[in-house]
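# Observations on chain architecture
Here is what each chain is made of, one letter per residue.
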Amino acid sequence: MFRRRTPRSTLAAVGRTLWPRGGWLRAVRYVVYRLRRLPDPAYKISRGIACGVFVCFTPFFGLHFLIAAGVAWLIGGNVLAAILATFTGNPITFPIIAGLAVQLGSRILNEPAPMPLGRVFDAFSRVSVELWVNLQAVVTGRPVHWAHMDSFFEHVFLPYLVGGIGPGIVAAVLAYAVSRPVINAYQNARIARLRAKVAERRALAETEIASKETRG
């Protein structure tokens, strides 16, 4: 019922991921608009934003939404804000995040040479395919192979995880520090506008009542 009439090709799907409909500027504006409309206090929304930003520095691709929502729920942040903030990680920023995390993590773990960024993404691609094939093997009965998993965990996943913690915390703190006063100012201005509209309508109603009494 909800399928497309003309199925989208793989190339088109990848292209839509890299460049969403309307462009990234429109996507960012939509995220900002949704954040503005959230009903929670500024500190809760900012906590959620910080969670979403931090999770973008972890190598748990495909689980960022769930992890950000869970962490936000644990610390009393806005869950929807956390989910929206995971869009901080996108095809434009992920190369920077991945390169920084792997380089830093390799140094912390005393790796002889950090893996180049191109090989990092290639490793994620190979392991994703391997996971998918092994999941199918549960149904098909084919033998399960983990040829790439050990090397991936040692040289990519673990350095990425360790190296992403520090930059992730810094980015999350900055996101909280910047977003809270901005959201608080916007909410106060919105409340002031609503009060002004209510006062204007009340004054207009009182004027109409006074006018009717004068005529009567």
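Here we summarise the structure given alongside this text. In this text, all values refer to a predicted model and were calculated from it rather than measured experimentally. (Residues numbered from 1 in each chain as written. Predicted model: local features only at pLDDT ≥ 70, side-chain atom pairs only at ≥ 80, totals over all residues. Heavy atoms only, no water.)

A count of helices and strands for the protein gives eight helices and zero strands. In sequence order, the protein lays out its α and β elements as α-α-α-α-α-α-α-α. When the 216 residues of the protein are sorted by exposure, 30% land in the buried category. Taking as baseline every contact in the protein between residues at least 6 positions apart, the subset at least 24 positions apart corresponds to 69%. Of the accessible surface of the protein, which amounts to about 14900 Å², a share of 65% is contributed by carbon and sulfur atoms. (Helix = DSSP H or I, 4+ residues; strand = E, 2+ residues; numbered from the N terminus. Buried < 20%, exposed > 50% of the residue type's maximum accessible area, 1.4 Å probe, protein only. Contact = heavy atoms within 4.5 Å. Areas by Shrake-Rupley, 256 points an atom, 1.4 Å probe, with all protein chains shown as cover.)

We now examine the nonpolar core. Formed by 25 residues in total, the largest nonpolar core has its most connected members in I49, V53, V156 and Y160. Mapped by element, the contributors of at least two residues to this core are helix 3 (42-55), helix 5 (79-85), helix 6 (94-108), helix 7 (117-140) and helix 8 (149-215). Those residues in contact with V53 that lie beyond four places of it in its chain are A85, T88, A171, A172 and A175. If you look at the next biggest cluster of nonpolar residues, it comprises five residues, including C51, V55, A72 and A82. (Core = buried A, V, L, I, M, F, W, Y, C linked by side-chain atoms within 4.5 Å.)

Bringing the packing of aromatic side chains into the picture now. Following the criterion strictly, the structure yields five aromatic pairs and no others. Ring geometry for F61 versus F94: centroids 5.1 Å apart, planes at 80°, classification edge-to-face. Here F61 is found in the loop between helix 3 and helix 4 (64-75), whereas its partner F94 is found in helix 6, with 33 residues between them in sequence. Here F94 falls in the buried class, since its relative accessible area comes to 15%. Centroid distance F65 to F87: 6.1 Å. Interplanar angle 55°. Geometry classified as tilted. In this pair, F65 sits in helix 4 while F87 sits in the loop between helix 5 and helix 6, placing the two residues 22 residues apart along the sequence. Overall, the relative accessible area of 41% leaves F87 in the partly exposed class. Three or more aromatic residues link up through ring pairs in this structure, and these residues are F60, F153 and F157. (Phe/Tyr/Trp six-rings, centres within 6.5 Å; stacked < 30°, edge-to-face > 60°.)

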